[in-house]
Amino acid sequence: MAQIIADRRDIEFVLYEQMQAETFFKHEKFKGFNRKTADLIISEARQLAIKEILPTFAEGDREGARFENGEVKVPECYHRAFKYFVEGEWTAMTADPELGGQGLPLVLAEAASEYLVGANTAFCFYGLIGHAAGELIEIFGTEDQKKLLLEKMYTGIWSGTMQLTEPQAGSDVGSLTTTAVKNPDGTYSLTGNKIFITSGDQNLTENIIHPVLARIEGAPKGTKGISLFLVPKIWVNDDGSLGEPNDIVCTGIEHKMGIHGSATCSMTLGGKGRCRGLLLGEENKGMRVMFHMMNNARLATGFIGFMCGSAAYLYALDYARQRHQGRDLEKIMDAEAPQVPIIRHPDVRRMLLWMKAHVDGMRSLIYFTAACFDKIVCAQSDTDKAYHQGILDLLTPIVKAYCSDRGFDVCVQAMQVFGGYGYTKDYPVEQLLRDCKITSIYEGTNGIQAMDLLGRKLGLKKGAVFMNLLQEMQNTIEQAKAHDALKDLHPKLGKAVTRLGKIAMHIGQTAMSPDFKTAFAFAQPFQDIMGDVIMAWMHLWRATLAVPKLNDLVGGLTGPSREKKIGKNKEAAFYDGQLQTATYFINAILPVTMGKMDAIAATDNSVVSIHETSFGS
Ligand SMILES: Cc1cc2nc3c(=O)[nH]c(=O)nc-3n(C[C@H](O)[C@H](O)[C@H](O)COP(=O)(O)OP(=O)(O)OC[C@H]3O[C@@H](n4cnc5c(N)ncnc54)[C@H](O)[C@@H]3O)c2cc1C
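Owing to the predicted nature of the structure, the values given are computational and were not obtained by experimental measurement. (Residues numbered from 1 in each chain as written. Predicted model: local features only at pLDDT ≥ 70, side-chain atom pairs only at ≥ 80, totals over all residues. Heavy atoms only, no water.)

A. Looking closely at a nonpolar patch on the surface. A cluster of nonpolar residues, Leu329, Ile332 and Met333, forms a patch on the protein surface that exposes about 390 Å² of accessible area. With respect to the element layout, Ile332 can be found in the loop between helix H9 (286-322) and helix H10 (346-378). Judged by relative accessible area, Ile332 falls into the exposed class, the value being 52%. (Patch = residues over 30% accessible without salt bridge, like charges linked within 9 Å, V, L, I, M, F, W, Y side chains within 5 Å. Areas by Shrake-Rupley, 256 points an atom, 1.4 Å probe, with all protein chains shown as cover. Salt bridge = Lys/Arg side-chain N within 4 Å of Asp/Glu carboxyl O. Helix = DSSP H or I, 4+ residues; strand = E, 2+ residues; numbered from the N terminus. Buried < 20%, exposed > 50% of the residue type's maximum accessible area, 1.4 Å probe, protein only.)

B. Quick peek at the nonpolar core. By size, the foremost hydrophobic cluster in this structure holds 177 residues, and its most contacted members are Leu190, Leu352, Met355, Leu500, Phe526, Met530 and Ile534. When sequence neighbours within four positions are dropped, the list of residues in contact with Leu352 reads Tyr313, Ala316, Leu317, Ala320, Ile343 and Val417. Counting residues in each nonpolar core, the second largest holds 29 residues, with Leu149, Ile209, Met287 and Ala297 among its members. (Core = buried A, V, L, I, M, F, W, Y, C linked by side-chain atoms within 4.5 Å. Contact = heavy atoms within 4.5 Å.)

C. A look at the site of the ligand. Around the ligand sit 18 residues, and of these Met162, Thr165, Ser171, Phe196 and Thr445 come closest. Thr165 has a polar side-chain atom sitting 2.6 Å from a nitrogen atom of the ligand. Ser171 is positioned such that a nitrogen or oxygen atom in its side chain is 2.6 Å from an oxygen atom of the ligand. About the coverage of the ligand: the protein hides 63% of its 970 Å² of free accessible area. Sorting the residues of the shell around the ligand by element identifies strand S5 (188-198) and helix H13 (446-457) as the ones contributing at least two each. Here the shell around the ligand gets 3 residues from one element, more than from any other, and that element is S5. The residue inventory of the shell around the ligand, partitioned by class, reads 9 nonpolar, 7 polar and 2 charged. (Near = heavy atom within 4 Å. Polar contact = N/O pair within 3.5 Å; in protein donor to acceptor, adjacent residues only side chain to side chain. Nonpolar A, V, L, I, M, F, W, Y, C, P; charged D, E, K, R; others polar.)

D. View of the environment of Gly32. Tracing the backbone through its elements, the reader meets Gly32 in the loop between helix H2 (21-25) and helix H3 (35-53). For the pair Gly32 and Ile589, spaced 557 residues apart in sequence, the C-alpha separation works out to 42 Å.

E. Local environment of the pairing of strand S4 (residues 179-182). Across 4 bridges, the pairing between S4 and S5 is antiparallel. Looking at the pairing, Thr179 lines up with Thr191 of S5. Hairpin connection of S4 to S5: 5 residues between the antiparallel strands, including Gly186 at a positive phi of 95°. By the bridge criterion, 2 bridges tie S4 to strand S6 (residues 207-216) in an arrangement that is parallel. Along S6, the bridge assignment pairs Thr179 with Arg215. (Pairing = 2+ DSSP bridges.)

F. Main features of helix H8 (residues 143-154). The end-to-end C-alpha distance of H8, which contains 12 residues, comes to 16 Å, matching closely the 16 Å that a straight helix rising 1.5 Å per residue would cover. Among the structural elements, helix H7 (121-140), strand S3 (158-160), S6, strand S7 (226-232), strand S8 (234-236) and strand S12 (276-280) are those in contact with the buried residues of H8. Immediately downstream of H8, the backbone of Gly156 shows phi near 80°, a positive value. (Expected span 1.5 Å × (residues − 1).)

G. Seen up close, the pairing of S7. The buried fraction of S7 is high, at 7 of 7 residues. Residues Ile226, Leu228, Leu230 and Pro232 point to one face of S7 and Ser227, Phe229 and Val231 to the other, with burial holding for every one of them. Relative to S7, S6 runs antiparallel, the two sharing 7 bridges. Counterpart to Val212 in the pairing with S7 is Phe229. When S7 meets S12, the two strands line up antiparallel, connected through 3 bridges. Bridge pairing in S12 links Leu230 to Leu278.

Geometry only, nothing functional implied.
Structure representation (structure tokens):
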């Protein structure tokens with residue numbers, strides 16, 4: 001089986017042609033980069049991924065993380081890969097080089113991550129979570145905290161976690177009961193239990209800095225009384241040296257469906273009454289701080305869902321080209337006809353194109369969102385900054401939920417393409433499917449994302465942010481009008497965008513009416529159709545860029561000679577693929593989305609009115 005992780009040609013298309021990454025390289029902050037260095041970075045990430053990380057994918061799954069004698073042990077093969085990951089400085093790609101990062105624009109870091117994370121997501125948590133936790137300190141920490149902790153977290157010498165969940169406080173974080181009491185020396189003593197903590201313990205780094213949500217004694221109930229504390233696994237002395245082990249211990253790990261190599265830990269804090277932490281930010285303002293990490297983790301989770309789908313699609317495509325089974329439909333009655341590769345069968349092609357359409361669309365959405373981050377960094381004015389921040393906030397639940405749901409759906413389709421072999425451990429798709437499933441559950445379930453979209457994000461700036469997003473789509477439609485080849489497609493997207501606006505207005509108003517519960521019963525379907533329309537937008541955008549390129553390559557040719565040229569010229573085939581995929585998505589998927597919009601517009605209230613006992617005995 002080929003060693004496939006990501007589609008380099010498509011990455012380059014989205015990075016340079018669609019998102020125009022080179023414009024970011026002109027900004028002061030990213031001036032050390034150009035196309036050549038960027039390509040080199042992606043190639044290095046690819047090399048590390050293929051040589052060191054991908055071999056840990058199946059082996060790490062088989063061995064899994066273990067809990068032995070009170071200690072967590074990651075799969076043995078992770079140690080070598082982790083060493084190279086840290087030495088290659090991949091642990092904090094976008095962080096300031098002065099703090100131990102590489103200073104990459106996020107769009108470029110996403111391209112590198114497609115290889116690194118795509119090779120084994122369970123492995124990469126250990127290497128990347130230190131940066132994610134460290135960013136909280138960089139933004140909200142005191143100068144002493146930054147000096148003491150940041151560099152080691154960014155360079156992978158130490159790692160991090162995020163500790164929110166407790167048995168009674170999952171989606172409902174405000175119900176947490178871990179407590180904190182202020183000590184005379186300014187530190188806090190914490191007591192409580194956390195569950196489901198990713199990388200809560202491991203034997204890869206010499207220390208772990210845990211951001212922990214807890215309630216200071218006497219603080220208000222709910223999220224308003226929550227504070228955030230930095231709790232080191234091993235206490236860090238004022239001079240930066242390591243002190244005594246802190247009283248925060250892993251008491252066991254979960255046995256899960258997937259991501260076996262990633263340790264999901266139950267943690268006890270203050271079991272011996274000696275768990276010390278430092279306040280991060282202000283008392284009772286912990287959720288505000290933690291939301292910074294949660295939003296980034298939500299985007300990263302959508303990215304992982306997409307990555308699993310992307311790899312599964314590429315494996316399925318490779319298999320479909322090699323597996324011979326059945327005869328060509330044209331020769332179905334001819335028993336002498338040879339078996340053909342299954343990619344020749346219309347039903348297999350349907351599955352492949354469905355997968356390609358979603359994978360390509362998700363890549364564009366994810367890079368578009370990453371480009372918003374970079375545009376915020378490069379913004380010339382506060383208005384500019386606020387514009388991109390708004391779009392980013394609005395898209396966060398879509399990236400998290402749509403990409404994790406569709407990423408999983410792509411894995412399901414990929415398994416179908418493999419037939420019975422897909423269900424075995426001989427091929428990677430069954431593991432990708434298992435590893436992917438968690439992405440729709442953690443970092444706020446997709447149902448919670450939908451409530452966030454309807455309850456908070458649609459109404460951002462009185463709906464102006466949503467209107468800005470629709471306007472971005474209209475801009476693409478205007479550009480598509482210049483191309484005759486797209487004349488049947490752009491009006492269909494135009495209709496879908498107008499309808500999306502009306503449906504958003506309808507569901508938003510219903511959410512503020514006495515029927516608000518019915519509106520929230522349709523929050524997830526709304527999230528889904530919004531994701532679909534965004535996919536259609538991304539495909540029309542791709543096609544708008546592809547048509548002139550295709551004209552340059554095969555312009556003037558028609559019929560078989562055009563087909564022949566496209567078949568023989570990889571670049572022509574790539575751009576033709578953009579046009580065909582956009583045509584498929586807009587003609588074969590978007591009408592289904594329009595039907596789903598009808599259902600939302602009807603806002604049937606059975607979901608709310610059905611009696612609990614009527615669900616069944
Ligand atoms: C492998 C793994 C790793 C994890 N890593 C971490 C980590 O590193 N740090 C951390 O803090 N947590 C972590 N978690 C916890 C994870 O974020 C939670 O499992 C998740 O937020 C859901 O909480 P829950 O499991 O208690 O489900 P519940 O909150 O009980 O939800 C059950 C169902 O009810 C729905 N639901 C709940 N409340 C509402 C509501 N108000 N409105 C509508 N629907 C609702 C949910 O959408 C879901 O479908 C991890 C979990 C797993 C499995």
